[in-house]
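Here is how the chains run, residue by residue.
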Amino acid sequence: FAVRSSIVSRPIAGSAPGTLSIRNGTGTTRTVPMKDVIRMTWIGASLRERTSGDLEIGFDYGSGDNAIDWTFAGEMRNRTQNFLNEVSLDSLLRRSSGDTTQRRTDLQLATRRFFPNRRFLMARFEGSEDKELDLDSRFLVAGAGGVTLFQSSSTTLSAYAGLDYMIEDYSGVPGNDS
């Protein structure tokens, strides 16, 4: 298979059948066969146009044990020419008869830097807590480099290698109490 590179440019109307003419920022025009075009990603001019996300907030009340659940989930993505930045937060708080019986929170921050010839670097930070599992805190820091081997409109196959470091603190575990 041929490794195809990303092209950052603008499509030009009036291309020959089966081809796509594109012009980069310096004005150079290049024509490529449509079979080599996998995906075109529009990147907005402003921060607001480049950013997308969603937010979910929930509330539930169970009268059997006077349980109240609060849920929160949100994520945001920002795509620039060379970067994809993502953040997500997922949280659940359950109170039953006035006591907190379940509390779970997960935070994830990730960034990916794209280079020519489908190469990339990525970094990730995660933090979480889970009262039900007696997990007071868990932190993960990771970094990796890789290459996209195959990409279609519905599938991406990448290979990457990297390092990560994780630290956990459980309550009730001897020698590991906060």
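Residues numbered from 1 in each chain as written. Predicted model: local features only at pLDDT ≥ 70, side-chain atom pairs only at ≥ 80, totals over all residues. Heavy atoms only, no water.

**With respect to the overall build of the protein chain**
Heads up, the condition is: A helix here means a DSSP run of H or I that spans at least four residues, while a strand means a run of E at least two residues long, and both kinds are numbered starting from the N terminus. Per-residue accessibility, obtained with a 1.4 Å probe over protein chains only, is compared with the maximum for each type, and a residue is labelled buried under 20%, exposed over 50%, and partly exposed between these values. To be clear on the numbers: accessible area is Shrake-Rupley with a 1.4 Å probe, and residue cover counts the displayed protein chains and nothing else.
For the protein chain, the helix and strand inventory stands at one helix and ten strands. Traced from its N-terminal end to its C-terminal end, the protein chain shows the element sequence β-β-β-α-β-β-β-β-β-β-β. Here the protein chain holds 178 residues, and the buried ones make up 16% of them. Summing over all exposed atoms, the protein chain offers an accessible surface of approximately 12400 Å²; the carbon and sulfur share of this is 55%.

**Things to note about the pattern of salt bridges**
Opposite charge on two side chains allows them to pair when their charged atoms are near. How we decide: Salt bridges, as used here, are contacts in which a Lys or Arg side-chain nitrogen is within 4 Å of a carboxyl oxygen on Asp or Glu.
Following the criterion strictly, the structure yields five salt bridges and no others. Of the charged contacts in the structure, one is a salt bridge between Asp69 and Arg94, with a shortest N-O distance of 2.6 Å. In this pair, Asp69 is assigned in strand E5 (residues 67–79) and Arg94 in strand E6 (residues 83–96), connecting sequence segments 25 residues apart. The exposure class of Asp69 is buried, given its relative accessible area of 11%. Across the pair Glu129 and Arg103 runs a salt bridge whose closest N-O atoms are separated by 3.3 Å. Of this pair, Glu129 sits in strand E8 (residues 119–130) while Arg103 sits in strand E7 (residues 99–114), and the two are 26 residues apart along the sequence.

**Details of a nonpolar patch on the surface**
Worth spelling out the cut-off: Think of a patch as exposed residues, more than 30% relative accessible area, with no salt bridge, where like charges cluster within 9 Å and nonpolar side chains (Val, Leu, Ile, Met, Phe, Trp, Tyr) cluster within 5 Å.
A grouping of Phe59, Tyr61 and Trp70 is seen on the molecular surface, where their side chains present a nonpolar patch of about 370 Å² in accessible area. When its relative accessible area of 45% is taken as the criterion, Tyr61 is described as partly exposed.

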